[in-house]
Amino acid sequence: QVQLVESGGGLVQPGGSLRLSCVASGSIFSIYFMGWYRQAPGKERELVAAFPSSGVTNYADSVKGRFTISRDIAKNTVYLQMDSLKPEDSAVYYCFATVQGTGRLIQGHWGQGTQVTVSS
């Protein structure tokens, strides 16, 4: 089994910063993709930032220049540094990873989500 555990969410004022972390653990042989999605009330879940195995990151247009995704491959961890936060960034943020388990099966996994609220 593979588990993804996020941390780092919370309440922040507009213009502030937060750093999210997501650690993958369990029966992991290799991780191909790690990324962050978010879902606001009444909206569909959307991709925020992606860090595939190629190392070429990509971002949603709405967060470019403000958010930075990074990975620590040795620690099976992905981070999302969020700066210049806006109220419209408020959402539940989910970590997603494409993992090849020790049984060589490749599957996608979601974390439980962490709430980010940007408000004065």
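The coordinates are above.
Here the structure is a predicted model, which means the values were calculated and not measured.

The rules behind the values
- Residues numbered from 1 in each chain as written.
- Predicted model: local features only at pLDDT ≥ 70, side-chain atom pairs only at ≥ 80, totals over all residues.
- Heavy atoms only, no water.
- Disulfide = S-S within 2.5 Å.
- Helix = DSSP H or I, 4+ residues; strand = E, 2+ residues; numbered from the N terminus.
- Buried < 20%, exposed > 50% of the residue type's maximum accessible area, 1.4 Å probe, protein only.
- Contact = heavy atoms within 4.5 Å.
- Salt bridge = Lys/Arg side-chain N within 4 Å of Asp/Glu carboxyl O.

(A) How the structure looks around the state of the cysteines. Under the definition given, this model contains 1 disulfide. The disulfide that involves Cys22 links it to Cys95, with 2.1 Å between the sulfurs. As the torsion about the S-S bond is roughly -80°, the Cys22-Cys95 disulfide counts as left-handed. With Cys22 in strand S3 (residues 18-26) and Cys95 in strand S9 (residues 91-101), this residue pair connects regions lying 73 residues apart in the sequence. Taken individually, Cys22 and Cys95 each receive the classification buried, so the pair is uniform in this respect.

(B) Region of interest: the environment of Asn58. Mapped onto the secondary structure, Asn58 falls in strand S6 (residues 58-59). Judged by relative accessible area, which is 37%, Asn58 ranks as partly exposed. Sequence separation between Asn58 and Thr102 is 44 residues, and the spatial gap between their C-alpha atoms is 28 Å. For Asn58, the residues in contact, after removing those within four places along its chain, are Leu47, Val48, Ala49 and Ala50.

(C) Main features of unusual backbone geometry. Of note, Ser84 is a non-glycine position whose phi angle comes to about 50°, a positive value. Of note, the phi angle at Arg104 is positive, near 75°, even though the residue is not glycine. Among the structural elements, Arg104 can be located in the loop between S9 and strand S10 (106-110).

(D) Structural context of the pattern of salt bridges. One pass over the full model with this rule turns up 4 salt bridges. Arg38 is the partner of Glu46 in a salt bridge, and the nearest nitrogen-oxygen pair spans 2.7 Å. Glu46 gets classed as partly exposed once you look at its relative accessible area, which sits at 33%. For the salt bridge of Lys64 with Asp61, the shortest nitrogen-to-oxygen distance reads 3.1 Å. In the salt-bridge network here, residues are joined through shared partners; they are Arg38, Glu46, Arg66 and Asp89.

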